[in-house]
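Each chain, written out:
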Amino acid sequence: GSEDHVLQITLHHIVSDAWTRGVLCRELAILYDAFVNKQPSPLPPLPIQYGDFAQWQRQWLTGEVLEQQLSYWRDQLAGLTPLELPMDRPRPPIQTYRGASYSISLGPALTEDLQDLSRKNGVTLAVTLLTVFQVLLARYTGQTDIVVGLPIANRNQKEIEGLIGFFVNSLVIRTDVSAYPTFHELLKRVQEISLAAYDHQDLPFEKLVEELQPERDPSRNPLFQVGFSLQNVPFEDFALPGVKVQPFGGEVTTTRLDLECHVWEKGDGLQVGLVYNTDLFDRETIQRFGSHFHKVLGHVVHDPAQR
């Protein structure tokens, strides 16, 4: 209609990531405001472009640097076995990507307790949530070697924070939960593993798979089948002068993995989104998983010394 419009921007993931969305919206708003007022673009020239970063990465990630990164991951991921979550249907021979999502809310009281537990143990909230998620995966699978994929923004230099491009990387977090450690002990273990992974985050995931050459299974994502993230990407409210702006979109219909757990800070609480492969799981199964996640979170804040 003359007063109602939809703006849809489609970006291939090979040239964009979640951080890019915030950069794009911020610059779009700045340009819109300038052009409506018949002003030139106020955006300064970029000192470097995404292509500069890509070229630098190729040149830097060679020789001794590449071997040091690869050596860590070879040791860390030796003898990796797939995570076998109990499924409602047999796994198709070729991986499918049909998905759906289910959300649960963690109230202010539980969120505050989790933050307090994290502070007392000298870890981030993300590490605490990841540890609980891995505890739940261990209980569901009966396995003690728990592998989870963790996206990382990988914008660790000031010059690239304002660029549109694909910088995000996937880290493989592998945790041994055998010997019934206390939750306190497991928190420290996950913290150490995560910090070591961050120190070796510069190796692109596709390069890692190419170099490690794991036995490929067309029915699964290589190296990990379950993902976790605490979404803290900076994203300001998108506002345009003289225009009322509101989000427009549908439900999740695709997934890249068997199961993904995404957590957002929402107001004074947390929102948990479980994205799952609908060819493997029924919605009722994921609802039960979500309620169990909520229950385990409550248990660990009240008795973190339990095994």
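Just above, that's the structure.
Residues numbered from 1 in each chain as written. Predicted model: local features only at pLDDT ≥ 70, side-chain atom pairs only at ≥ 80, totals over all residues. Heavy atoms only, no water.

*Asks:* Provide a residue-level description of the overall build of the protein chain, including the pertinent values.
*Replies:* Tallying secondary structure elements over the protein chain gives eight helices and six strands in all. For the protein chain, the α and β elements follow one another from N to C terminus as α-α-α-β-α-α-β-β-α-α-β-β-β-α. Computed over C-alpha atoms, the radius of gyration of the protein chain comes to 21 Å, within 12% of the 19 Å expected from 2.2 N^0.38 for 307 residues, which places it in the range of a compact globule. If one aligns the C-alpha atoms of the protein chain with their principal axes, the spans along those axes are about 70 × 50 × 45 Å. By residue count, 42% of the 307 residues in the protein chain fall in the buried class. When contacts within the protein chain are restricted to residue pairs at least 6 apart in sequence, those whose partners lie at least 24 apart make up 76%. (Helix = DSSP H or I, 4+ residues; strand = E, 2+ residues; numbered from the N terminus. Rg over C-alpha atoms; globule rule 2.2 N^0.38 Å. Buried < 20%, exposed > 50% of the residue type's maximum accessible area, 1.4 Å probe, protein only. Contact = heavy atoms within 4.5 Å.)

*Asks:* Tell me about the packing of aromatic side chains, residues and numbers included.
*Replies:* Scanning all chains against the criterion turns up 11 aromatic pairs. With 4.7 Å between their ring centres and 55° between their planes, Phe53 and Phe167 make a pair best called tilted. Of this pair, Phe53 sits in helix 2 (residues 50-60) while Phe167 is found in the loop between strand 2 (145-152) and strand 3 (169-176), placing the two residues 114 residues apart along the sequence. Neither residue differs from the other here; Phe53 and Phe167 are each classed as buried. Residues Phe133 and Phe289 carry aromatic rings whose centres are separated by 6.1 Å and whose planes lie at 80° to one another, so their mutual orientation is edge-to-face. Remark: Phe289 occurs in helix 8 (residues 283-302) and Phe133 occurs in helix 5 (residues 125-141); sequence separation between them is 156 residues. (Phe/Tyr/Trp six-rings, centres within 6.5 Å; stacked < 30°, edge-to-face > 60°.)

*Asks:* Could you give me a rundown of the layout of surface pockets, with the residues and numbers involved?
*Replies:* Computed from the structure, the second largest pocket encloses a volume of approximately 580 Å³. Surrounding the second largest pocket, 22 residues form its lining, Val135, Ala138, Arg139, Tyr180 and Arg307 being those nearest its centre. For the lining of the second largest pocket, the secondary-structure elements that each account for two or more residues are helix 5, helix 6 (183-199) and helix 8. With five residues, helix 8 is the single largest residue contributor to the lining of the second largest pocket. (1 Å grid on protein atoms, 1.4 Å probe; cavity = no way out; pocket = protein on both sides within 12 Å on 5 of 7 lines; lining within 4 Å. Points joined across faces, edges and corners; volume = space filled by probe spheres on them.)

*Asks:* Summarise the pattern of salt bridges; cite the residues concerned and give the values.
*Replies:* Enumeration according to the criterion identifies 14 salt bridges in this entry. Asp258 is paired through a salt bridge with Arg91; the nearest N and O atoms lie 2.8 Å apart. With Asp258 in the loop between strand 4 (226-231) and strand 5 (259-266) and Arg91 in the loop between helix 3 (63-76) and strand 1 (99-106), this residue pair connects regions lying 167 residues apart in the sequence. Residue class for Asp258 comes out buried when judged on its relative accessible area of 6%. A salt bridge links Glu161 to Lys158; its shortest N-O distance comes to 3.6 Å. (Salt bridge = Lys/Arg side-chain N within 4 Å of Asp/Glu carboxyl O.)

*Asks:* I'd like to hear about the packing of helix 3 against helix 7 (residues 205-212), residue by residue, with values.
*Replies:* Where helix 3 meets helix 7, the axes come as close as 11 Å, and the angle between the chain directions of the two elements is 70°. Classified by the angle their axes make, helix 3 and helix 7 are roughly perpendicular. Contact with helix 3, carried on its side by Leu66, Leu70, Trp73 and Arg74, involves Lys207, Leu208, Glu211 and Leu212 of helix 7 and no other residues of that element. Residues that form the contact of helix 3 with helix 7 fall into these classes: five nonpolar, no polar and three charged. (Axes fitted to C-alpha atoms, helices over the stretch in contact; angles between N-to-C directions. Parallel < 35°, antiparallel > 145°, perpendicular 65-115°, else oblique. Nonpolar A, V, L, I, M, F, W, Y, C, P; charged D, E, K, R; others polar.)

*Asks:* Provide a residue-level description of a nonpolar patch on the surface, including the pertinent values.
*Replies:* On the surface, a nonpolar cluster with roughly 360 Å² of combined accessible area is contributed by Leu7, Ile9, Leu11 and Leu28. Its location among the elements puts Ile9 in the segment before helix 1 (18-36). You can call Ile9 partly exposed: its relative accessible area is 45%. (Patch = residues over 30% accessible without salt bridge, like charges linked within 9 Å, V, L, I, M, F, W, Y side chains within 5 Å. Areas by Shrake-Rupley, 256 points an atom, 1.4 Å probe, with all protein chains shown as cover.)

*Asks:* Lay out the environment of Val15 with the relevant residues and their values.
*Replies:* Among the secondary structure elements, Val15 is positioned in the segment before helix 1. Leaving out residues up to four positions away in the same chain, Val15 has contacts with Ile164, Gly165 and Phe166.

*Asks:* Give me the lowdown on helix 8, citing residues and values where you can.
*Replies:* With 20 residues, helix 8 extends 29 Å between its outermost C-alpha atoms, agreeing within 8% with the 28 Å of an ideal straight helix rising 1.5 Å per residue. Thr285, Ile286, Phe289, Gly290, Phe293, Val296, Leu297, Gly298, Val300 and Val301 are the residues of helix 8 that are buried. Of the surrounding elements, those touching the buried residues of helix 8 are strand 1, helix 4 (108-120), helix 5, helix 6, strand 5 and strand 6 (269-277). (Expected span 1.5 Å × (residues − 1).)

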